[in-house]
Protein chains: 2
Amino acid sequence: MDIFEILKNRSRDLEPLISSYLKEGRPDNLMEAVRHYPRAGGKRMRPVVAMVVADAVGGKGKDAAPYGASLELIHNFTLVHDDLMDDDDTRRGLPAVHMKWDMPTAVLAGDALFAKAFEVLADVEVSDDKLRRLLKLTAQSVWILAEGQQLDTDYENNPNTTVDNYLNMVEKKTSVLFASAAAGGAIIGGGSEKQISDLYDYANMLGIAFQLWDDVIGLCGDESVTGKPVGSDIRNGKRTAIVIKALSKGGRGHPKYDELLNTLGNQDASDQEVKRAIEILRELGGVSYATELAERYVKCAKEKLGCLPDSKHKEFLVALADFAIGRSY
Amino acid sequence: MDIFEILKNRSRDLEPLISSYLKEGRPDNLMEAVRHYPRAGGKRMRPVVAMVVADAVGGKGKDAAPYGASLELIHNFTLVHDDLMDDDDTRRGLPAVHMKWDMPTAVLAGDALFAKAFEVLADVEVSDDKLRRLLKLTAQSVWILAEGQQLDTDYENNPNTTVDNYLNMVEKKTSVLFASAAAGGAIIGGGSEKQISDLYDYANMLGIAFQLWDDVIGLCGDESVTGKPVGSDIRNGKRTAIVIKALSKGGRGHPKYDELLNTLGNQDASDQEVKRAIEILRELGGVSYATELAERYVKCAKEKLGCLPDSKHKEFLVALADFAIGRSY
């Protein structure tokens, strides 16, 4: 199954919708900043998941497009604010909003995208009781996203971070919008309570697997394919599952442990030092641990799809889970 | 009528509600920042307007408390982000969130308050169709607030700003949450379409009058009463209605005009220069113009209350309009 073909096809319903929501608005300088990330593309994974799930439970995928667009706007709002908070300079090959404009514009453009997401939600054509449920689901997701972003900052360079801490953070920062997309798609499509719950879990685990695998290819992938400098997580001192596991295997006094610690969080580490740190992470079993963990999440995620009847939509969701791991970008 | 007594009484229903919404949540450092402004008080004008209006149209004020609390959270979210964007150091006698913590925490705490506001909205006990309407009203208000904040920045130190520009900005930045409070209160209380629309207009004009009067007392008031340094608007180069009108009266080449322009936007202006600028603003008719404009808005706002039957709630709304102007703080 060609996942990208399907993502592209589904986006055909989606792009005009997203553009239309961001067409009107003033003043022009704010609107340019508001449109900067949504226009730059992205895989639109969250809205596509919502649409495919709505189909998979027997509803109409198109009905979930506005809800999906709302989640995509929220995703973009968090990117604008996260890039500002983390001082990341680029996104999707473009300068970040706070770099192209400034801090105030980035704060405001994010807020405006957030507000628009809820305006779009008010237009979702579902029964009013479903709308109330979608509203709660979406608002709680954003609260959880904020928690996750705070934990991500708190855990950076924190030697006491455990794998459980890390997974909890990833669930909050990365998975929650996927999970809301799937659960919301199921609600809109008329799925049963069990389907809504199982599909939430599916997408939650899918999100964790995606992040674990991202960590792996961030270290072991090809920079020209991933688009992310190899080892940037190491220089930033990120306590990923890989790092946490390797450090727990090494133990204080272990020469490799000390060598690794010297490079972790050192922004000025040489390419050679970073390369050596990656070798140590492999040798101490961190990389294989994260890979196996990701595989376990994918397996569990696919089991949750047992709530769905067979269909091409279900097949897509299975393929998406497989795609989460093993990809090289 | 003692407006403050009524504000205080109504707040009794409100404070436990606001506290309860912000009780749960993690991590602790984020939650402390989230609670910083809401805990510091404020007059709770928006929720009180929503509650009084619900009573005034024949409903129950208490039913509008959660909606009002939602608006209060939005108001606080915008304060956190506005203080960051404008780099204002203090708020309600406390250090601003970005000063007590840092920029990322202020961005995130604002986002979390915003998310919580919509979660609270999902719990408002009204019929589902009313909820949809409140959702749209609230989301659109935040979009408009962002527009207003951008315009405020754009107009600062911009010599081409007209009084109409200024009033449009104030409507967006200050009035819109009052207007949503009144319209939402009317919706919740079961008011007629005419009442919903007229009360929106009432609160919109009330908000403009409040701001115009704030500008006046910011120049001519007693610093120890207003709590705001006299003339800070002048040093910041704010193009208020007072300034715009005075400049239009003076005209280029006019000695007072040039003297005024030299002080406007000059952060290093001496107290003596600021005092002289205020004198000129008075002499050129700027202060009396803004005062009369505020009085006109109050008059029109009160006329809109004709849609309400007589009651003590209506009396409060009349008194609130009178309070907007003439107050010394």
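For the structure given in this document, a descriptive report is provided here. (Residues numbered from 1 in each chain as written. Chains lettered and ligands numbered in written order. Predicted model: local features only at pLDDT ≥ 70, side-chain atom pairs only at ≥ 80, totals over all residues. Heavy atoms only, no water.)

### Side note on the interface of chain B and chain A
Phase 1 of the analysis: The partner chain A presents 46 residues to the 46 residues of chain B that form the contact.
Phase 2 of the analysis: For the pair chain B and chain A, the summed buried surface comes to about 4,200 Å²; carbon and sulfur atoms form 67% of the total.
Phase 3 of the analysis: Applying the counting rule to chain B against chain A returns four salt bridges.
Phase 4 of the analysis: Put simply, A:Lys136 and B:Asp123 hold a salt bridge, and the shortest N to O gap is 2.7 Å.
Phase 5 of the analysis: In this assembly, chain B and chain A are joined by 17 residue pairs in polar contact (both at pLDDT 80 or more).
Phase 6 of the analysis: Counting only elements with at least two residues in the side of chain B that touches chain A, the list comes to α2 (28–39), α4 (65–86), α6 (103–122) and α7 (128–155) of chain B.
Phase 7 of the analysis: Class assignment of the residues belonging to the side of chain B that touches chain A gives a composition of 26 nonpolar, seven polar and 13 charged. (Contact = heavy atoms within 4.5 Å. Buried area = accessible area lost by both parts, 1.4 Å probe. Salt bridge = Lys/Arg side-chain N within 4 Å of Asp/Glu carboxyl O. Polar contact = N/O pair within 3.5 Å; in protein donor to acceptor, adjacent residues only side chain to side chain. Helix = DSSP H or I, 4+ residues; strand = E, 2+ residues; numbered from the N terminus. Nonpolar A, V, L, I, M, F, W, Y, C, P; charged D, E, K, R; others polar.)

### Quick word on helix α8 (residues 163–188) of chain A
All names here are of chain A.
Phase 1 of the analysis: Over its 26 residues, α8 extends 35 Å from the first C-alpha to the last, a length consistent with the 38 Å expected when each residue adds 1.5 Å.
Phase 2 of the analysis: At Ser-175, α8 shows its largest bend, some 60 degrees.
Phase 3 of the analysis: Of all 26 residues in α8, 21 are buried; the element is thus mostly enclosed.
Phase 4 of the analysis: Two residues or fewer past α8, Gly-190 is found with a positive phi of approximately 85 degrees. (Expected span 1.5 Å × (residues − 1). Bend = angle between axes of the 7 residues up to and from the residue. Buried < 20%, exposed > 50% of the residue type's maximum accessible area, 1.4 Å probe, protein only.)

### A look at the relation of the copies chain B and chain A
Phase 1 of the analysis: Least-squares fitting of chain B to chain A yields an RMSD of 0.0 Å, with the superposition described by an axial translation of 0.0 Å and a rotation of 180 degrees. Expressed as an axis order, the relation between the two copies is that of a two-fold axis. If distances are taken from each C-alpha of chain B to the rotation axis, the shortest is found for B:Asp128, at 2.5 Å. (Least-squares fit on C-alpha atoms with pLDDT ≥ 70 in both.)

### Considering α7(B)
Phase 1 of the analysis: End to end, α7(B) covers 40 Å across 28 residues, agreeing with the expected 40 Å (1.5 Å per residue, within 8%).
Phase 2 of the analysis: Of the residues flanking the end of α7(B), it is B:Asn157, one or two places downstream, whose phi is positive at about 65 degrees.

### Quick word on unusual backbone geometry
Phase 1 of the analysis: Cis geometry is adopted by the peptide bond preceding A:Pro27, which originates at A:Arg26 and carries an omega value of -5 degrees.
Phase 2 of the analysis: Relative to the helices and strands, A:Pro27 is located in the loop between α1 (3–21) and α2 (28–39).
Phase 3 of the analysis: Even without being glycine, A:Arg92 reaches a positive phi, approximately 50 degrees.
Phase 4 of the analysis: The phi dihedral of B:Arg44 is positive, around 55 degrees, even though this residue is not glycine.
Phase 5 of the analysis: Tracing the sequence through the fold places B:Arg44 in the loop between α2 and α3 (45–56).
Phase 6 of the analysis: The class of B:Arg44 is buried, set by a relative accessible area of 3%.

### Quick word on the packing of α4(B) against helix α8 (residues 163–188) of chain B
All names here are of chain B.
Phase 1 of the analysis: Look at α4 against α8: their axes get within 10 Å of each other, and the N-to-C directions meet at 170 degrees. Taken together, the axes of α4 and α8 lie roughly antiparallel to each other. In contact with Tyr-67, Leu-71, Ile-74, His-75, Asp-82 and Asp-86 of α4, α8 contributes Lys-173, Leu-177, Ser-180, Ala-181, Gly-184, Gly-185 and Ile-188.
Phase 2 of the analysis: Broken down by class, the residue content of the contact of α4 with α8 amounts to six nonpolar, four polar and three charged. (Axes fitted to C-alpha atoms, helices over the stretch in contact; angles between N-to-C directions. Parallel < 35°, antiparallel > 145°, perpendicular 65-115°, else oblique.)

Fair warning: the whole summary comes from geometry, so function is off the table for now.
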